[in-house]
Every structure is written in C-alpha cells, then in structure tokens.
Amino acid sequence: MKTRITELFGIEHPILQGGMHYVGFAEMAAAVSNAGGLGIITGLTQSTPEKLAAEIARCRTMTDKPFGVNLTFLPGLATPDYPGYIQAIIDGGVKIVETAGNNPVKWLPILKENGIKVIHKCTSVRHSLKAEAIGCDAVSVDGFECGGHPGEDDVPNFILLPAAADKLKIPFVASGGMADGRSLVAALAMGADGINMGTRFIATTEAPVHQNVKDAIVAATELDTRLVMRPLRNTERVLNNVAVERLLAKEKELGASITIQDILPEVAGVYPKVMTEGAMEAGAWSCGMVVGLIHDIPTCQDLIDNIMAEAETIIRDRLMGLL
Ligand SMILES: Cc1cc2nc3c(=O)[nH]c(=O)nc-3n(C[C@H](O)[C@H](O)[C@H](O)COP(=O)(O)O)c2cc1C
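Fair warning: this is a prediction, and the values are worked out from it, not measured in the lab. All residue numbers refer to positions counted from 1 along the written sequence of the respective chain. Side-chain atom pairs in this predicted model are given and counted only at pLDDT of 80 or more, local residue features only at pLDDT of at least 70, and totals for whole chains, interfaces and linings cover all residues.

J.: Even after reading the chapter, I still don't get the site of the ligand, so can you show me in this structure?
T.: Near, for a residue, is defined by distance from a backbone-placed C-beta atom to a molecule or strand, with 6 Å as the limit that must not be exceeded. Lining the immediate environment of the ligand, one finds 29 residues, of which Gly18, Ala100, Gly147, Gly198 and Gly288 sit closest. For the shell around the ligand, the secondary structure elements donating two or more residues are strand 3 (67-73), strand 8 (195-197) and helix 9 (199-202). Partitioned by chemical class, the residues of the shell around the ligand number nine nonpolar, 16 polar and four charged. Helix and strand labels come from DSSP, where a helix needs a run of H or I of at least four residues and a strand needs a run of E of at least two; each type is numbered from the N terminus. Residues are grouped as follows: nonpolar covers Ala, Val, Leu, Ile, Met, Phe, Trp, Tyr, Cys and Pro; charged covers Asp, Glu, Lys and Arg; every other residue, Gly included, is treated as polar.

J.: Explanation requested: unusual backbone geometry in the structure shown.
T.: If a residue is not glycine, its phi is most likely negative; likewise, a peptide bond is most likely trans. The backbone of aspartate 154 shows a phi angle near 60°, a positive value even though the residue is not glycine. With respect to the helices and strands, aspartate 154 occurs in the loop between strand 6 (138-142) and helix 7 (157-167). Classification of aspartate 154 as partly exposed rests on a count of 13 C-beta atoms within 10 Å. Whether a residue is buried, exposed or partly exposed is read from the other C-beta atoms within 10 Å of its own C-beta, which are placed from the backbone; 20 or more gives buried, 12 or fewer gives exposed, and intermediate counts give partly exposed.

J.: Teacher, can you tell me more about the environment of threonine 6 here?
T.: Its location among the elements puts threonine 6 in helix 1 (residues 4-9). Note: C-alpha distance between threonine 6 and threonine 61 (55 residues apart in sequence) is 23 Å. Once residues lying within four places of it in the same chain are set aside, the contact partners of threonine 6 are Ile11, Glu12, His13 and Pro14. Here, residue contact means that the backbone-derived C-beta atoms of the two residues sit within 7 Å.

J.: Would you mind showing me how to read helix 11 (residues 242-254) here?
T.: One turn of an α-helix holds 3.6 residues; hence residues three or four places apart share an orientation. Its 13 residues place the ends of helix 11 18 Å apart at the C-alpha level, agreeing with the 18 Å of an ideal helix rising 1.5 Å per residue. Among the residues of helix 11, Ala243, Val244 and Leu247 are the ones counted as buried. Down the axis of helix 11, the sector holding all buried residues measures 100°, keeping them to one side. Seen from the open side of helix 11, the exposed residues pointing more than 90 degrees away from its buried face are Val242, Ala249, Lys252 and Glu253. Elements in contact with the buried residues of helix 11: strand 9 (225-228), strand 10 (236-239) and helix 12 (260-267). Just past helix 11, the residue glycine 255 takes up positive phi, approximately 55°. To estimate how far a helix should reach, multiply one less than its number of residues by 1.5 Å. Directions from the helix axis toward the C-beta atoms define the arc.

J.: How should I be thinking about helix 4 (residues 82-91) in this particular structure?
T.: Residues Tyr85, Ile86, Ala88 and Ile89 constitute the buried set of helix 4. One side of helix 4 carries all its buried residues, which in axial view fall inside an arc of 155°. Looking one or two places after helix 4, you find glycine 93, whose phi comes out positive at around 70°.

These figures come from the coordinates and say nothing about function on their own.
Rendered as structure tokens:
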C-alpha cells in the first residue's frame, strides 16, 4: 500500500508508532521499523542528550530501516535541554522527528536545514493548520479517544479526521483509537494517509515494558480509561487504578483551586515504576480507549502484517463487493 506517508518517510506500511514515555526505547522503535512501519524513540525518556545519542546508536545496531525520534515540548516546570537533544538527533543521522506538545516553530529551521522531516502531533484542526503553515511536513491528528494528552476540545476521530482532511494540504495520519485493519481502512476513508498507534504497540512481545503492563492492557475494556488533570488544562487519558481514583477524588474536592503540587504523588515519577517495575497502581499512566480492542500480545511483525492483510481483505472483499 502506497500513501503520501509511506512515500514521505520511505517506509513499507503506513503505520507509525507514536512516541511513548518509558516505552519508546530502541527495542520498540527497531521492532516497528523492522516490521515495515515507522518506529519512534521517545527523546525525553533519555534523561540527557548524551543518553539519547547512545539510544539512537543502539537502535542503529537493531535495524537498518528508517526510524524517528519524538520530541515532546512540555508545558512543564523544568525545561529540558532541547538544543542538546536536537544535536543528538542530527549527529545520530535521524531523518524523522515527531514533535508534540507546544508549537515546534522555534526548532523547525535547524531540523529542516539538516534534512529532517517533521511530523507534529495535533489534537485540533486549527493546530494542524498552524503546523502546516509553519512548514511541518505532516501531522498526526490525535482524536479525543487517544492515550496521552487529547487536548481540551474533546473531538473524536470520526469528526476530527474528515474535518482535518477538508482543510489540510500536507499528509496526515490518524492517531487515537487505532488498532487493526478496520482502523486503517476507516482512517484512509476519512482522508488520512496512514495511522499512528500508541497503546496497541505496548501490548507486543518486543515492547520493552514489564509483563504486568501488557497483561493490564489485555484485561482492560474500553470503559477503563479516565481523564485526569482536566482542571489544570493538561488533560491526560490514563488507565484507571487506585492512584487515578485518588487523583480524581482530589480534583473533585479541591475544584478550581487545585495545583500540580496537590497531585504530585499520583503523577510524578510514575513511568519507571509502572513500565519497568510493573507496579500497576503506582500512579497515572497514559492509555487509550482502544485498550478495549486489544486482546493479544503479538510480535510487531505479526501485528503489522495482520493489519495490512485485514485492510486488504476489507477493501477487496467487503467494500468492493458492496459496489
Ligand atoms: C504510555 C503512553 C505514553 C505516551 N507518551 C507520549 C510522549 O511522551 N510524547 C508524546 O508525544 N505522546 C505520547 N503518547 C501518545 C502516543 O504517542 C499516541 O499519540 C497515542 O497513544 C495515540 O493514541 P492510542 O493510544 O489510542 O493509539 C503516549 C501514549 C501512551 C499510551
């Protein structure tokens, strides 16, 4: 299947693995890229630019296919050494960067001067158009159902994707709620050029996370995610657990007076505990509603092959047969 996204990134299948904190290590990115998709290393999971450089080098030993690096521009308290991370990306010869969070305009000139393609993750049509206007090569349109930060507009992909397709000229992938061949065909029908998946890729054999995380994803249903930090305008979709229930109780109790300090026990330093140690109740961790569609833990190769085979069957047998 050739789309503007496979052409842009030089990949076999129009399937991307979005940056994921404490999941997007070299093993994850290489497994997705080796399976013909685009794997992405999560830049900020590496605590320094030197460590990111080493992670990129490690990924090179595992794949000779293209892979990218995610750079998340946080609204957060401390500002990471973005120039250092970007230098590590350039020196590591990485040619694709997934940006997310704040507007990446400040960093585009240096990325573009170094021949790097930029795909920016957006949760609204207006932000997608802004990304196009500032010179991004593509956008990842992240609907309300997505794991991670869905923004504050709450527009699900059945509306967001066609609305984006009506306005955008650059290619875009559908992100949030994508799991299988049905998702891919639906995304293409709504005007996207491919799909971006987060949660689905965590439940794979190669995802370098604790088995408890994969088991929790397989066990959960589409009713098991919650939105936290909405009062702070930093909404995150997470898998429910006791820490999340405690956090939501605090939000209810403190109302508009809540600050990040009030919820630090539920949100700070959670990812290594959950992803590495498998402490599933340690705090709030991102997870999409698509968790309700995940019932197995395949290899990335099987997952991607099955998506492509299912998509082809749907198009050839079901859709063509309707005409
Ligand atoms: C555990 C987890 C961690 C994530 N961390 C990041 C991150 O650090 N930066 C980022 O841009 N997106 C992050 N995301 C969002 C994903 O890249 C992707 O956009 C999202 O998962 C798509 O929705 P889906 O989970 O329904 O597939 C994360 C998602 C998950 C599930």
